[in-house]
There are 2 protein chains.
Amino acid sequence: MKLGDGVEQAIHSVTLLAGLPPDGLLSAQALAGFHGVSTSYLLKHLQALSGAGIVKTTPGPNGGYELGRRPSQITLLDIVLAVEGPEPAFRCKEIRQQGFDPLPPESFTAPCQINAAMLRAERAYRRELAAVSIADLMRDLTEADDGSIATRGCAFFDQYVRRAKTKP
Amino acid sequence: MKLGDGVEQAIHSVTLLAGLPPDGLLSAQALAGFHGVSTSYLLKHLQALSGAGIVKTTPGPNGGYELGRRPSQITLLDIVLAVEGPEPAFRCKEIRQQGFDPLPPESFTAPCQINAAMLRAERAYRRELAAVSIADLMRDLTEADDGSIATRGCAFFDQYVRRAKTKP
């Protein structure tokens, strides 16, 4: 079982966007550059985050990304599901109904016990992810920071933040 | 995130082997045939289960597979780790240490909070899988069976079970 690298990139990008000043935007290039990852690969995940309402996209040459809702309203589960899709990791193919002399479908009124147990474990996984918000991560990060992470972030924002055009 | 099809096949195969009569063996062909899956694909997973001591392999033209330990001593987690490998699904690439003007490594004495949160969720997942043994699954299966699943299993065993040669 493996999560794609996009999950790590998406969580870090959303956490960085959570630190933006009001009306600030970051381009995909800046987000990718800050994390040392491929812009084209990150763009795919930013689109997924945008589709889920986690980030908001302002198009155009001076556009960019900002959060679509407050950091306390975005959980790790929201990001994982946006990037990896909603399907469970265990996908039952009902092989109990295949093979030599299979039983008729009416013999299987109860769900497969194996599928049920695997999905129970995934619910526990998702519950844990749903319990951690981006606001929680930002608080943990601030507590662990001796100041150098915040200083780097500020210097980066000074150079790369774009301003969303206010409506006339 | 996706578990390979091998996990479902491995769990069903181990559960079937748990019903074998004493000294009974099943060939990879029979296990694959019972579940309607590819023998060559299943063989790879049987090798992984064998490497983890979950199944025991008797080589030779009349050889086959049996459980390597009692059903109560085999959990879903044992099988998932044998087939999928022990690595966590989330594999931190420390992208916080990359990109524009990265901080020196000594700025990162604490583990990345994002990695820590993702691994916490995986521990919850693994705890749930470790709480379910093959003996539990067999009991659930028996309770849900109107008799037809047991009858099919017995007919299959009558035809395909091989006997392990007792030592002279």
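For the structure given in this document, a descriptive report is provided here. (Residues numbered from 1 in each chain as written. Chains lettered and ligands numbered in written order. Predicted model: local features only at pLDDT ≥ 70, side-chain atom pairs only at ≥ 80, totals over all residues. Heavy atoms only, no water.)

## What to know about the overall build of chain A
Counting its secondary structure elements, chain A contains seven helices and four strands. Put simply, chain A runs from its N terminus to its C terminus through helices and strands in the order α-β-α-α-β-β-α-α-α-α-β. Radius of gyration (C-alpha) of chain A: 21 Å, far over the 15 Å computed for a compact globule of 168 residues. Referenced to the eigenvectors of the C-alpha coordinate spread, the extents of chain A come out at roughly 70 × 35 × 30 Å. Pairs at least 24 apart in sequence give 71% of the contacts found in chain A among residues at least 6 apart. Surface summary for chain A: the accessible area is close to 8,200 Å², and the carbon and sulfur share equals 54%. Across chain A, the 18 positively charged side chains and the 18 negatively charged ones have centroids separated by 6 Å. (Helix = DSSP H or I, 4+ residues; strand = E, 2+ residues; numbered from the N terminus. Rg over C-alpha atoms; globule rule 2.2 N^0.38 Å. Contact = heavy atoms within 4.5 Å. Areas by Shrake-Rupley, 256 points an atom, 1.4 Å probe, with all protein chains shown as cover. Lys, Arg positive; Asp, Glu negative; His and termini not counted. Charge placed at Lys NZ, Arg CZ, Asp CG, Glu CD.)

## What to know about the pattern of salt bridges
This model, assessed by the stated rule, comprises 12 salt bridges over all chains. Measuring nitrogen to oxygen at the nearest pair gives 2.9 Å for the salt bridge that ties Lys 93 of chain B to Asp 5 of chain A. With one member in each of two chains, Lys 93 of chain B in the loop between α4 (76-84) and α5 (113-130) and Asp 5 of chain A in helix α1 (residues 5-17) form a pair that bridges those chains. The closest approach of N and O atoms between Arg 96 of chain A and Glu 94 of chain A, which form a salt bridge, is 2.8 Å. We classify Arg 96 of chain A as buried; its relative accessible area is 15%. The network of salt bridges with common partners includes Lys 2 and Asp 5 of chain A together with Lys 93 of chain B. (Salt bridge = Lys/Arg side-chain N within 4 Å of Asp/Glu carboxyl O. Buried < 20%, exposed > 50% of the residue type's maximum accessible area, 1.4 Å probe, protein only.)

## Remarks on the packing of helix α5 (residues 113-130) of chain A against α5 of chain B
Two elements in contact, α5 of chain A and α5 of chain B, have axes separated by 8 Å at closest approach and are oriented at 155°. Of the possible angle classes, the one that applies to α5 of chain A and α5 of chain B is roughly antiparallel. When the axes of α5 of chain A and α5 of chain B are compared, the crossing they make is right-handed. Note on element contacts: α5 of chain B touches α5 of chain A through Met 118, Arg 120, Ala 121, Glu 122, Ala 124, Tyr 125, Glu 128 and Leu 129 of chain B, opposite Met 118, Arg 120, Ala 121, Glu 122, Ala 124, Tyr 125, Glu 128 and Leu 129 of chain A. The residue inventory of the contact of α5 of chain A with α5 of chain B, partitioned by class, reads 10 nonpolar, no polar and six charged. (Axes fitted to C-alpha atoms, helices over the stretch in contact; angles between N-to-C directions. Parallel < 35°, antiparallel > 145°, perpendicular 65-115°, else oblique. Left-handed = near helix turned anticlockwise from the far one by under 90°. Nonpolar A, V, L, I, M, F, W, Y, C, P; charged D, E, K, R; others polar.)

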